[in-house]
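# A structural walkthrough
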Amino acid sequence: MTLLDFRGKVALITGGGGGIGRAIADAYAQLGAAVVIAERDAQRAQSVREYLEGQGAECLVIEADVTDSKQVRSLAEEVEARFRKLDILVNNVGDSLGLVKPFADSSEDEWDSLYAINLRHVFLVTHAMLPLLRAAAPGSSVISLSSVEGLRGYPLGVAYAAFKAGIGAFTKSLACELGPEQIRVNAIACETTETEQIQIVKSVKLEHQPYVPRWFPLGRYGRPEDAAGAAVYLASDLAAWVTGDTILVDGGALAQGGWRQMRDGRWTNSPIIEDAHRGYGPAKT
Ligand SMILES: NC(=O)c1ccc[n+]([C@@H]2O[C@H](COP(=O)([O-])OP(=O)(O)OC[C@H]3O[C@@H](n4cnc5c(N)ncnc54)[C@H](O)[C@@H]3O)[C@@H](O)[C@H]2O)c1
């Protein structure tokens with residue numbers, strides 16, 4: 001159990017006011033870490049501050065947009081002034097921006113927006129926090145939120161998938177550079193997880209709900225705590241020899257590949273002709 005004792009550690013979670021980021025912040029705080037949150041949304045920042053303070057956690061919640069380099073610089077200054085070091089950086093912010101459309105119809109502005117919210121800030125924040133991560137080494141670590149969409153083809157989400165895949169390459173390359181300093185760099189790739197951004201359970205029609213238990217091998221969509229479990233492991237000494245890795249948190253979705261379970265429980269990789277779940281993109285009539 002002492003391997004999961006985070007007392008004395010300082011963790012920064014970007015976008016920690018909601019969804020997966022908030023679950024990670026909660027888990028780290030429960031293990032005794034001091035938690036810093038950079039959150040763009042004022043109400044979510046206030047809500048997570050009240051929650052963490054109510055739990056008796058040491059926390060610093062800063063309203064900031066991590067895509068803005070000036071705000072990221074002052075974030076680093078605030079962490080330095082208060083804690084002098086950073087043991088765990090979680091680059092959690094990311095968003096598909098609801099852009100689900102054929103690549104041919106996507107625009108330069110949309111690619112730029114997807115880059116800013118999914119990859120550029122990972123460079124920006126990690127770069128700014130590096131001196132503080134070095135101050136906490138050996139044993140400090142960076143964890144970034146990727147997606148299963150960065151590991152498989154994502155029709156109608158080409159640019160989002162490309163930037164999430166970029167997180168994997170960032171992770172591997174930086175892990176090589178920082179390994180000799182005993183700073184580990186890893187990523188987490190989630191399948192669809194119920195959060196403020198992805199309100200999946202609500203979006204599945206009532207008559208389609210019975211399909212969900214056989215949609216993934218583990219029979220349900222993700223919960224923010226699922227990703228938080230991986231984030232605890234990666235930040236802990238249990239993962240002392242793990243770096244450059246992207247951990248799948250996907251209920252077995254990628255293992256299943258093209259296989260699907262039919263209504264009667266048998267498995268098939270043939271087309272299933274039934275009105276299951278929801279579809280993306282225009283329907284062919
Ligand atoms: N939910 C899923 O199904 C899913 C699946 C795969 C990967 N992911 C990845 O996991 C991460 C978290 O996803 P989520 O679903 O919890 O997202 P979310 O939108 O529910 O929560 C993200 C939080 O970040 C904040 N935020 C957004 N932009 C910000 C910015 N520029 N600066 C500071 N804070 C900002 C938001 O206000 C929000 O509180 C993302 O990187 C996402 O791509 C999510």
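The numbers attached to residues start from 1 for each chain and follow its sequence in the written order. Note on the predicted model: pLDDT of at least 70 is required for a residue's local features to be given, and 80 or more for side-chain atom pairs to be given and counted; whole-chain, interface and lining totals, by contrast, use all residues.

### Quick word on the site of the ligand
For each residue, a C-beta atom is placed from the backbone, and the residue counts as near a molecule or strand when that atom lies within 6 Å of it. Taken together, 28 residues are adjacent to the ligand, and G15, G18, G19, G94 and Q197 come closest. Residue assignment for the shell around the ligand shows that the elements contributing at least two residues are α1 (19-30), β2 (34-39) and β5 (141-147). With three residues, the top contributor of residues to the shell around the ligand is α1. Helix and strand labels come from DSSP, where a helix needs a run of H or I of at least four residues and a strand needs a run of E of at least two; each type is numbered from the N terminus.

### Digging into the sheet that holds strand β4 (residues 88-91)
Being paired, for any two strands, means DSSP has found at least two bridges between them. Strand order in this open sheet of seven strands is β3-β2-β1-β4-β5-β6-β7, and the pairing throughout is parallel. In this open sheet, the two edge strands, each paired with only one partner strand, are β3 (59-63) and β7 (246-249). Between one strand axis and the next, the sheet turns through 15 degrees on average, direction left out of account. By the bridge criterion, four bridges tie strand β6 (residues 184-190) to β7 in an arrangement that is parallel. In the sheet register, A187 faces β7, and the bridge partner there is T246. Across the sheet, α1 touches β1 (10-14), β2, β3, β4, β5 and β6, and the angle it forms with β1 is around 170 degrees. Its contacts with the sheet put helix α4 (residues 108-136) on β1, β4 and β5, and the angle it makes with β4 is roughly 175 degrees. Geometry is summarised by axes, namely lines fitted to C-alpha atoms with helices restricted to the contacting stretch, and by angles between N-to-C directions that run from 0 to 180 degrees. A pair of residues counts as a contact when their C-beta atoms, built from backbone coordinates, are separated by no more than 7 Å.

### Things to note about helix α7 (residues 224-235)
Expected helix span is given by 1.5 Å per residue-to-residue step, counting one fewer step than there are residues. Relative to the 16 Å expected for 12 residues at 1.5 Å per residue, α7 spans 17 Å between its end C-alpha atoms, a close match to the ideal helical length. Each residue is classed by its C-beta neighbour count within 10 Å, where at least 20 other C-beta atoms makes it buried, 12 or fewer makes it exposed, and intermediate counts make it partly exposed; the C-beta atoms are placed from backbone geometry. Every buried residue belonging to α7 is among P224, D226, A227, A228, A230, A231, V232, L234 and A235, and all of these are buried. Its buried side turned inward, α7 meets α1, β4, β5, β6 and β7.

### Let's talk about the packing of α1 against α7
Between α1 and α7, the least distance of the axes is 8 Å, while the angle of their chain directions is 50 degrees. Here α1 is positioned oblique relative to α7, judged by the angle of their axes. Here α1 runs over α7; the crossing is right-handed. Here α1 contributes G19, I20, R22, A23, I24 and A27 to the contact with α7, which in turn contributes P224, E225, A227, A228, A231 and V232. The nonpolar class holds Ala, Val, Leu, Ile, Met, Phe, Trp, Tyr, Cys and Pro. Asp, Glu, Lys and Arg form the charged class, and all remaining residues, Gly among them, are polar. Looking at the contact of α1 with α7 residue by residue, the class counts come to nine nonpolar, one polar and two charged. Any angle from 65 to 115 degrees is called roughly perpendicular, while one under 35 is roughly parallel, one over 145 is roughly antiparallel, and all others are oblique. Left-handed describes a crossing whose near helix is turned anticlockwise from the far helix by less than a right angle; the clockwise case is right-handed.

### Let's talk about the nonpolar core
Counting residues in each nonpolar core, the largest one holds 75 residues, and the members touching the most others are I24, V35, I188 and A231. The element contributing the most residues to this core is helix α5 (residues 158-178), with 10 residues. For this analysis, nonpolar core means a set of buried Ala, Val, Leu, Ile, Met, Phe, Trp, Tyr and Cys residues linked through C-beta atoms within 7 Å.

### What to know about the pairing of β4
Here β4 shows no split at all, with I88 and V90 on one side and L89 and N91 on the other all buried. The sheet contact formed by β1 and β4 spans three bridges and is parallel. Bridge assignment links A11 to a residue of β4, and that residue is I88. In terms of strand pairing, β4 meets β5 through four bridges, oriented parallel. Paired with N91 across the bridge in β5 is S144. Whether a crossover is right-handed comes down to one check: with the strands pointing away from the viewer, does the path from the first strand over the helix to the second run clockwise; if it does, it is right-handed. A crossover connection joins β4 to the parallel β5 through α4; in handedness this β-α-β unit is right-handed.

### Here's the deal with the confidence of the model for the protein chain
Averaged over all residues, the pLDDT of the protein chain equals 94, while 96% of them reach at least 70. Along the chain, pLDDT gives the predictor's confidence residue by residue, from 0 to 100. In the model of the protein chain, helix α6 (residues 200-203) stands out as the element of lowest mean pLDDT, 78, in contrast to β4, which has the highest, 99.

### Points about the packing of helix α3 (residues 69-83) against α4
Where α3 contacts α4, the two axes come as close as 10 Å, and the packing angle between them is 25 degrees. Judged by the angle between their axes, α3 and α4 are roughly parallel. Where α3 crosses over α4, the handedness of that crossing is right-handed. Contacts from S69, V72, R73, A76, V79 and E80 of α3 reach α4 at L124, V125, A128, M129 and L132. For the contact of α3 with α4, the class distribution of residues is eight nonpolar, one polar and two charged.

### Looking at unusual backbone geometry
Put simply, A137 and P138 share a cis peptide bond, and its omega is 0 degrees. Inspection of the secondary structure puts P138 in the loop between α4 and β5. Of note in the backbone geometry, L156 takes a positive phi value of approximately 75 degrees without being a glycine. Tracing the chain through its elements places L156 in the loop between β5 and α5. Overall, the presence of 17 C-beta atoms within 10 Å leaves L156 in the partly exposed class. Even without being glycine, Q182 reaches a positive phi, approximately 60 degrees.

### Here we look at the environment of V100
Looking at the secondary structure, you find V100 in the loop between β4 and α4. Through-space distance from the C-alpha of V100 to that of A255 is 24 Å; in sequence the pair is 155 residues apart. Those residues in contact with V100 that lie beyond four places of it in its chain are L156, G157 and Y280.

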